[in-house]
Structures are given as C-alpha cells and as structure tokens.
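Chain residues, written in single-letter form:
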Amino acid sequence: MEATPHILVVDDHKEIRDLLAKYLTKNGLRASVADGAPAARRALATSAIDLVVLDVMMPGEDGISLCRHIRETEDIPTIMLTAMGEETDRIVGLEVGADDYVTKPFNPRELLARIKSVLRRAQSMPKTARPAKQEQIAFDRWKFNTAQRELIDENDVVVPLSTGEFLMLEAFTSRPNVVLSRDQLLDITRGRAPNVFDRSIDNQVSRLRKKIEQDPKKPKIIKTVWGGGYQFVAKVERV
C-alpha cells in the first residue's frame with residue numbers, strides 16, 4: 001500500500017491553515033501546518049513532506065523566498081496561494097519554481113484537485129540525480145556550477161545563463177540519458193502556468209543549444225527524440 005501523501009500548509013492566518021488542514025485530512029491526505037517560513041523550514045527538515053501549500057504574503061520571510069529555498073534544496077512540489085489580482089506574485093512564484101498557484105479566496109475542492117494533479121505529475125517524473133549543492137558538474141567541454149549558477153568553458157570563461165536556461169540545463173544534467181517530454185520539462189523548469197505551451201520548451205532548448213553545442217544545427221549534447229522530447233546524452237561527471 002502506498003503511503004498517504006503528506007501536505008505542509010504554510011500560512012500566517014490560523015483559521016485558513018487549520019481549516020485547510022482539516023479539509024485535506026478529511027479527504028484522505030496527511031496534513032501538517034506552519035505559521036511562517038521558520039516553522040516551515042523546521043517541518044521540512046524533520047518530516048517527510050510530499051507537497052507544500054504556501055501563502056505568498058507572510059510577515060518576515062515571504063512565500064517567494066521560501067519557495068526559492070525549497071526549489072534549491074528539495075525535490076518537493078509547491079503550490080502558491082496568492083491574492084486575487086496579484087499577477088506579479090504568480091509570475092514570480094512560477095519563475096522561482098512553484099508548480100502551480102491558487103488565488104485567494106479559493107475553493108478547497110479546487111485546491112484539492114490541484115494538489116492531486118501536481119502529486120501525480122511529481123510521481124511520474126523521472127527521479128533526479130541532483131548533486132549536492134556545492135558540487136560542480138562536468139560534461140563535454142563544460143563545467144556547470146549549480147550553486148553559483150555558472151557555465152564555464154574549457155578556457156575558464158563564464159558563459160551567462162538566463163534563469164530559464166539555468167533551470168533547463170539543471171534539469172538535463174540531473175537526469176542524463178533520460179528522455180524528457182515537453183510536458184515534463186515544463187513541470188521541472190517552470191511549473192504548469194496558463195498560456196505556457198510546448199513550443200516554449202523548444203525555444204528554450206534551441207537557445208541553450210546555441211550556448212553549449214559546437215554546432216547547434218547538429219546537436220551532440222541535447223538530442224531530439226521524435227515523438228518523445230529531448231535527451232541529454234553527454235557524459236555527466238561530478239567533480
């Protein structure tokens with residue numbers, strides 16, 4: 001029997017977090033609560049959390065900062081709770097790695113459906129071989145420092161990466177030789193956002209190839225798998 005998914009609800013409003021935790025438990029999930037980022041960090045360090053429901057607007061460290069921390073240190077999906085009309089919060093949340101968002105006030109039934117959808121995607125995702133934070137990755141003629149977000153060529157020249165290019169390269173190098181579909185790459189690098197289409201992944205891969213391939217028109221590092229997606233075929237070493 002599979003373990004019951006454990007959801008961490010992070011919100012500084014006691015009524016919201018307690019009612020939501022009660023609703024999730026009633027619907028077959030385990031739920032823990034945290035009143036802010038410090039309590040959430042303790043819960044993440046001491047409990048096996050499968051998904052975080054995270055309010056953006058909290059006193060002290062806000063939800064965006066905590067989401068970034070989770071993205072950098074854990075493979076735990078996150079759903080952001082944002083105020084209605086605060087489009088900037090939603091965009092920034094997705095950019096730092098949130099998997100989905102729900103606007104307040106929200107329907108608990110809708111949030112439950114989104115939680116189950118994100119959990120299904122996470123369970124179907126190829127397991128990452130993400131390196132320790134301070135490790136450096138070597139492939140082809142490149143060194144990739146994920147902690148510093150630097151791509152370095154054979155002459156020790158740093159090649160700048162956009163946030164999207166960094167997330168894409170991190171996704172590939174942590175899953176070498178795994179065929180990743182466009183849907184999976186969207187989930188890994190950007191979360192599932194409105195108006196984000198498969199074609200955006202093709203464009204991102206094309207830009208990344210121009211930086212790392214000797215001949216982007218004849219790629220030897222990121223291969224296209226017709227009908228499947230993309231595969232990072234270069235040998236990856238931790239150095």
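Residues numbered from 1 in each chain as written. Predicted model: local features only at pLDDT ≥ 70, side-chain atom pairs only at ≥ 80, totals over all residues. Heavy atoms only, no water.

Draft legend 1. The sheet that holds strand β8 (residues 150-152), seen in detail. Strand order in the open sheet made by the 5 strands is β9-β8-β7-β6-β13, with antiparallel pairing throughout. Single-partner strands in this sheet number two, and they are β9 (158-159) and β13 (236-238). Here 4 bridges tie strand β6 (residues 136-139) to strand β7 (residues 142-145), and the two strands are oriented antiparallel to one another. Bridging from a neighbouring strand, Ile137 pairs with Phe144 of β7. Against the sheet, helix α6 (residues 163-173) contacts β6, β7, β8 and β13, and its axis sits at roughly 105° relative to β7. (Pairing = 2+ DSSP bridges. Helix = DSSP H or I, 4+ residues; strand = E, 2+ residues; numbered from the N terminus. Contact = heavy atoms within 4.5 Å. Axes fitted to C-alpha atoms, helices over the stretch in contact; angles between N-to-C directions.)

Draft legend 2. Structural context of the pairing of strand β3 (residues 51-55). Extensive coverage of β3 is indicated by the burial of 5 of its 5 residues. Alternating positions in β3 separate into two faces, Leu51, Val53 and Asp55 on one and Val52 and Leu54 on the other, with burial throughout. Alignment of strand β1 (residues 6-10) against β3, held across 4 bridges, turns out to be parallel. By the bridge assignment for β3, Ile7 is matched with Leu51. One ladder, built from 4 bridges, connects β3 with strand β4 (residues 78-83); its direction is parallel. Within β4, the position partnered with Leu54 by the bridge is Met80. In this view, the connection linking β3 to its parallel neighbour β4 by way of helix α3 (residues 63-73) has right-handed handedness. (Buried < 20%, exposed > 50% of the residue type's maximum accessible area, 1.4 Å probe, protein only. Right-handed = clockwise from strand over helix to strand, strands pointing away.)

Draft legend 3. Layout of the packing of helix α1 (residues 14-26) against helix α5 (residues 108-124). Here α1 crosses α5 at 60°, and the two axes come no closer than 11 Å. With respect to α5, the axis of α1 lies oblique. Helix-helix and strand crossings are classified by hand; for α1 and α5 the assignment is right-handed. Residue-level inspection shows Leu20, Tyr23 and Leu24 of α1 in contact with α5, the latter providing Pro108, Arg109, Leu111, Leu112 and Ile115. Broken down by class, the residue content of the contact of α1 with α5 amounts to 7 nonpolar, no polar and 1 charged. (Parallel < 35°, antiparallel > 145°, perpendicular 65-115°, else oblique. Left-handed = near helix turned anticlockwise from the far one by under 90°. Nonpolar A, V, L, I, M, F, W, Y, C, P; charged D, E, K, R; others polar.)

Draft legend 4. Main features of the pattern of salt bridges. This model, assessed by the stated rule, comprises 12 salt bridges. For Lys104, the salt bridge goes to Asp11, with nearest N and O atoms at 2.9 Å. One end of the pair, Lys104, is in strand β5 (residues 100-104); the other, Asp11, is in the loop between β1 and α1, with 93 residues separating them in the sequence. Asp11 carries the same exposure label as Lys104, and that label is buried. (Salt bridge = Lys/Arg side-chain N within 4 Å of Asp/Glu carboxyl O.)

Draft legend 5. Spatial organisation of the packing of aromatic side chains. Enumeration over the complete set of coordinates arrives at 3 aromatic pairs. Taken together, a centroid distance of 5.2 Å and an interplanar angle of 75° make the contact between Phe139 and Phe232 edge-to-face. Pair noted here: Phe139 is in strand β6 and Phe232 is in strand β12 (residues 229-232), with a separation of 93 residues, a long-range link. Per residue, the accessibility class of Phe139 equals that of Phe232, and both read buried. Here Phe172 and Phe232 contribute two aromatic rings whose centre-to-centre distance is 6.1 Å and whose plane-to-plane angle is 20°, an arrangement assigned as stacked. You can see Phe172 sitting in helix α6 and its partner Phe232 sitting in strand β12, a full 60 residues away along the chain. Comparing Phe172 with Phe232, the two get one shared label, buried. (Phe/Tyr/Trp six-rings, centres within 6.5 Å; stacked < 30°, edge-to-face > 60°.)

Draft legend 6. Inspection of the sheet that holds β5 at higher detail. The strand order across the open sheet built from 5 strands is β2-β1-β3-β4-β5, with neighbouring strands paired in parallel fashion. In this open sheet, the two strands that pair with only one neighbour each are β2 (30-34) and β5. Strand-to-strand twist of the sheet, defined as the mean angle between neighbouring strand axes without regard to direction, takes the value 20°. Contacts between α1 and the sheet are confined to β1, β2, β3 and β5, with β2 contributing the most and set at about 170° to the helix.

Just geometry here; none of it tells us what the structure is for.
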